Amino acid sequence: MMILVTYDISSEGASSAKRLRHIAKHCLNYGQRVQYSVFEIEVNPAEWTMLRATLEDIIDHSVDSLRYYYLGKNWQNKVEHIGAKPVLDLNDVLLF
C-alpha cells in the first residue's frame, strides 16, 4: 500500500535538527522523498505498523506533527506528477 507521510518538525530547541534527520532517515528506508517534508512510502501492513510506531516515538508530540495520507494499492491512478524530480518506481529492479 502507498502512504504519503508529511511532517512538520519544530525548529526551536536543541533536539529539533536531530528529530528532523531521524524522521527523514526512517522514511527514506521505506520510500522516496518527493518534497522536503513529504515522502511516498510503499509498505505492507507489518512494515507500516513498525514505521509508524518509530516515527511517532521520534517526534515531540507537543510541537511536531505527522500526517498520513493512505493512497492504497491503486495509488497510481490517484497520483499525477508534473515537472522536475523524476518519480522512481519503488517496485522496479534496483541495480548497484
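See the structure printed just above.
Every chain is numbered on its own, with residues counted from 1 as its sequence reads. In keeping with the model being predicted, local features are shown solely for residues with a pLDDT of at least 70 and side-chain atom pairs are shown and tallied solely at 80 or more, while totals for entire chains, interfaces and linings include all residues. With hydrogens and water stripped out, all remaining heavy atoms of the structure feed into the side-chain values.

Let's talk about the sheet that holds strand β4 (residues 65–72)
Note on pairing: DSSP must find at least two bridges between two strands before they are called paired. Helix numbering and strand numbering both begin at the N terminus, where a helix is a DSSP run of H or I of at least 4 residues and a strand a DSSP run of E of at least 2. The sheet built from four strands is open, its strands ordered β2-β3-β1-β4 with antiparallel pairing. At either margin of the open sheet sits one strand with a lone partner, and together these are β2 (31–35) and β4. When strand polarity is set aside, the average angle formed by the axes of neighbouring strands in this sheet is 25°. Sheet topology note: the β2/strand β3 (residues 38–42) ladder contains four bridges and is antiparallel. Lines fitted to C-alpha atoms define the axes here, with helix axes fitted over just the stretch in contact, and angles between the N-to-C directions of these axes take values from 0 to 180 degrees.

What to know about the packing of aromatic side chains
Note on aromatic pairs: each is described by the distance of the centres and the angle between the planes. In this analysis, rings of Phe, Tyr and Trp, with Trp reduced to its six-membered ring, are considered paired at centre separations within 6.5 Å, and the interplanar angle assigns stacked below 30 degrees, edge-to-face beyond 60, and tilted for intermediate values. Within the structure shown, the criterion is met by three aromatic pairs. Consider the rings of Y7 and F39, whose centres lie 6.1 Å apart with planes at 20°: the pair is stacked. Of the two residues, Y7 sits in strand β1 (residues 2–8) while F39 sits in strand β3, which places them 32 residues apart along the sequence. Residues Y7 and F39 agree in their burial class; the two are buried. Both rings, one in W48 and one in Y70, keep their centres 6.1 Å apart while their planes meet at 85°; by these two values the pair is edge-to-face. Here Y70 lies in strand β4 and W48 lies in helix α2 (residues 45–58), a separation of 22 residues in the sequence. Taken together, W48, Y68 and Y70 form an aromatic cluster joined through their ring pairs. Burial status follows relative accessibility: with a 1.4 Å probe on protein chains alone, a residue under 20% of its type maximum counts as buried, one over 50% as exposed, and anything between as partly exposed.

Describing the pattern of salt bridges
Salt bridges are identified by distance alone: a Lys or Arg side-chain nitrogen within 4 Å of an Asp or Glu carboxyl oxygen. Scanning the model with the defined rule gives two salt bridges in all. Residues R19 and D64 are paired through a salt bridge, measuring 2.6 Å at the closest nitrogen-oxygen approach. With a gap of 45 residues between them, R19 in helix α1 (residues 16–28) and D64 in the loop between α2 and β4 connect regions that are remote in the sequence. Here R19 and D64 have matching classes, each one buried. Here E56 and R52 are joined by a salt bridge, their closest N and O atoms 2.8 Å apart. Of the two residues, E56 and R52 are both situated in helix α2; the distance of four residues between them amounts to about one turn of the helix. Relative accessible area serves as the criterion here: at 26%, E56 is assigned to the partly exposed category. Overall, R52 belongs to the partly exposed group, its relative accessible area being 32%.

Nothing here speaks to function; it is geometry throughout.
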